[in-house]
Amino acid sequence: MIFVAAGLTIYAIISNIDYREYRNLIPIVSVVVLIALFAVYLFEPVNGAQRWIPLGFFKLQPAEFAKVVVILLLAAVLSPSNRDEALFKRQLTWPTVFRALLIVALPAILILFEPDLGTTLVFGFILFVMLFAAGATWRQMVALAVAAAAGVVVVLQRGWLAQYQIDRIRVLFEPDKVDPLGIGYNLQQSKFAIGSGQLFGRGLFAQGTQTSFEYVPEQETDFIFTAVAEQLGFIGGILVIAAFAVIIWRLLVIAANARDRFGALIATGLAAMMVFHVFINVGMTIGIMPVTGIPLPFLSAGGSFYLAMTLALGVANSVWLMRTPVPGENQLG
């Protein structure tokens, strides 16, 4: 509840700050986030991962805030500061595309070696969506897709993925062959929990065997959707997904009505982040996506993630509140 109160406060404050002011602050904030991403390696690993900075009252996870900062930085780079140029220059140049790649590459690599494969993939998806929205040509998009595929091959050949990460991908295609009592246990128990909820669920906080007896590991964080499906059933699960769909739809509405390209790209990037988190998290609990440790917005436990999401929606709300045009000001077509 402390984090909820703090998150709502952040949302209210950020909503009332003109998002265009962030152009001047982005370089400073970006440096601070990069320093924090380096700093996590100075502390002892937790469950084999170095993702957090202990602050006494809670553990800060810089990677969660890095996603929002990267979206702001990409929006600034992909949208010219000159308003007339923003209106008429629709296609991106290759130098601009390369700058966008560099912006994403450094934090993504640092986070990959924490290790945190799921968050690294979020950065890639955000980059592709924002480049497309900013006017990248189909040749640029194809070239980036080929480069991404080549990058995956290099990562696998270099052995940069831990064995458990590789096994998580294998278990998606061979659930009966990859240690069902080990790496495949989460997915197996998750499916049991979701299936046991049936149409209307076993009741909120009822004695559902899978979640109440903690047969599903990490059910407060990565596998929170299993508790939703078991307790509220298919209907409850669909309603939760529909609520996320409304948020994503509103983000796209904000993008379509933004005052300038900078605001439109911010909202688009935030929508992409939300889509990826929801699709991957729900998908991994039902066995259509590999288990990557992606949390579910506003449901998974985690103070840093919750605060980062309220910050993100606060920025989006600022874009919406500032949409009213100033007389004589050039607008996006």
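Here is what the cut-offs are and how they apply
- Residues numbered from 1 in each chain as written.
- Predicted model: local features only at pLDDT ≥ 70, side-chain atom pairs only at ≥ 80, totals over all residues.
- Heavy atoms only, no water.
- Helix = DSSP H or I, 4+ residues; strand = E, 2+ residues; numbered from the N terminus.
- Buried < 20%, exposed > 50% of the residue type's maximum accessible area, 1.4 Å probe, protein only.
- Contact = heavy atoms within 4.5 Å.
- Areas by Shrake-Rupley, 256 points an atom, 1.4 Å probe, with all protein chains shown as cover.
- Salt bridge = Lys/Arg side-chain N within 4 Å of Asp/Glu carboxyl O.
- Axes fitted to C-alpha atoms, helices over the stretch in contact; angles between N-to-C directions.
- Parallel < 35°, antiparallel > 145°, perpendicular 65-115°, else oblique.
- Left-handed = near helix turned anticlockwise from the far one by under 90°.
- Nonpolar A, V, L, I, M, F, W, Y, C, P; charged D, E, K, R; others polar.
- Expected span 1.5 Å × (residues − 1).
- Lys, Arg positive; Asp, Glu negative; His and termini not counted.
- Polar contact = N/O pair within 3.5 Å; in protein donor to acceptor, adjacent residues only side chain to side chain.
- Arc of directions from axis to C-beta.
- Core = buried A, V, L, I, M, F, W, Y, C linked by side-chain atoms within 4.5 Å.
- Patch = residues over 30% accessible without salt bridge, like charges linked within 9 Å, V, L, I, M, F, W, Y side chains within 5 Å.
- Phe/Tyr/Trp six-rings, centres within 6.5 Å; stacked < 30°, edge-to-face > 60°.
- Lys NZ or Arg CZ within 6 Å of the ring centre and 35° of its normal.

### Thoughts on the overall build of the chain
The number of helices and strands found in the chain is 13 helices and two strands. A buried classification covers 47% of the 333 residues belonging to the chain. The contacts in the chain between residues at least 6 apart in sequence include a share of 71% that link residues at least 24 apart. Approximately 16500 Å² of the chain is accessible, and the part contributed by carbon and sulfur atoms is 69%.

### Things to note about the pattern of salt bridges
Here the structure, examined in full by the defined rule, presents two salt bridges. Asp18 is the partner of Arg20 in a salt bridge, and the nearest nitrogen-oxygen pair spans 2.7 Å. A salt bridge links Glu64 to Lys67, with the shortest nitrogen-to-oxygen separation between them at 2.6 Å. Taken as a pair, Glu64 and Lys67 lie in helix H3 (residues 62-78) at a separation of three residues, close to a single helical turn.

### Quick notes on the environment of Phe132
In this fold, Phe132 is placed in helix H6 (residues 117-134). In this structure, the C-alpha to C-alpha distance between Phe132 and Gln91, residues 41 residues apart in sequence, is 9.8 Å.

### Here we look at the packing of helix H11 (residues 224-256) against helix H13 (residues 303-321)
In the contact formed by H11 and H13, the axes pass within 9 Å of each other and the chain directions differ by 40 degrees. Taken together, the axes of H11 and H13 lie oblique to each other. The way H11 lies across H13 gives a crossing that is left-handed. Contacts between H11 and H13 involve Ile247, Arg250, Leu251, Val253 and Ile254 from the former and Leu313, Ala316, Val319 and Trp320 from the latter. Grouping the amino acids of the contact of H11 with H13 by side-chain chemistry returns eight nonpolar, no polar and one charged.

### Examining H6
With 18 residues, H6 extends 26 Å between its outermost C-alpha atoms, agreeing within 8% with the 26 Å of an ideal straight helix rising 1.5 Å per residue. Where H6 is concerned, the buried positions are Leu117, Gly118, Thr119, Thr120, Val122, Phe123, Ile126, Leu127, Met130, Leu131 and Ala134. Looking at the buried positions of H6, the neighbouring elements they touch are H3, helix H5 (94-112), helix H7 (138-158), helix H8 (163-173) and helix H12 (261-286). Positive backbone phi, at 110 degrees, marks Gly135, one or two positions downstream of H6.

### Structural notes on the side chain of Arg51
Tracing the chain through its elements places Arg51 in the loop between helix H2 (22-39) and strand E1 (53-54). Asp116 is the oppositely charged side chain nearest to the buried, salt-bridge-free Arg51, at an N-O distance of 4.2 Å. Within the structure, Arg51 has its side chain in polar contact with the backbone oxygen of Pro115 (distance 2.6 Å).

### Quick look at the packing of H3 against H5
As a packed pair, H3 and H5 sit with axes 10 Å apart at the nearest point and diverge in direction by 175 degrees. Considering their axes alone, H3 and H5 lie roughly antiparallel with respect to each other. Taking contact as the criterion, the partners of Ala63, Val70, Leu73, Leu74, Val77 and Leu78 in H3 are, on H5, Thr96, Arg99, Ala100, Ile103, Val104, Pro107 and Ile111. Tallied by class, residues from the contact of H3 with H5 come to eleven nonpolar, one polar and one charged.

### Quick word on H8
Taken residue by residue, H8 has Gln165, Asp167, Val171 and Leu172 as its buried positions. Projected onto a plane normal to the axis of H8, the buried residues spread over an arc of 160 degrees and lie on a single side. Every exposed residue of H8 that faces more than 90 degrees away from the buried side is listed here: Gln163 and Phe173. Against the buried residues of H8 lie H6 and helix H9 (185-196).

### Focus on the nonpolar core
Formed by 69 residues in total, the largest nonpolar core has its most connected members in Leu74, Leu78, Met130, Leu131, Ile266, Leu270 and Met273. When residues of this core are assigned to their parent elements, the largest contribution, 13 residues, is made by H12. Leave out the neighbours within four places in its chain, and Met273 touches Lys67, Ile71, Val122, Ile126, Met309 and Ala312. Judged by nonpolar contacts, the second largest core, of five residues, contains Ala193, Phe223, Met284 and Val291.

### Overview of a nonpolar patch on the surface
Where nonpolar side chains cluster on the molecular surface, the patch consists of Leu199, Phe200, Phe234, Ile235, Ile238, Leu239 and Ile241 and spans about 680 Å² of accessible area. Structurally, Ile241 is set in helix H11. Of the residues examined, Ile241 reaches a relative accessible area of 33% and is grouped as partly exposed.

### Quick look at the environment of Ala316
If you trace the backbone, Ala316 turns up in helix H13. Residues Ala316 and Ile266, spaced 50 residues apart in sequence, show a C-alpha to C-alpha distance of 7.2 Å. Residues in contact with Ala316, not counting those within four places in the same chain, are Leu251, Ile254 and Leu270.

### Brief notes about the packing of aromatic side chains
Tallied over the entire structure, the rule returns six aromatic pairs. Consider the rings of Phe125 and Phe276, whose centres lie 5.3 Å apart with planes at 35 degrees: the pair is tilted. Residue Phe125 is found in helix H6, and its partner Phe276 is found in helix H12; the two are separated by 151 residues along the sequence. On the accessibility criterion, Phe276 (12% relative accessible area) is buried. Here the aromatic cluster, defined as three or more aromatic residues joined through ring pairs, consists of Phe3, Phe57 and Phe58. Over the ring of Trp320 we find Arg250; its NZ or CZ atom is 5.0 Å from the centre of that ring.

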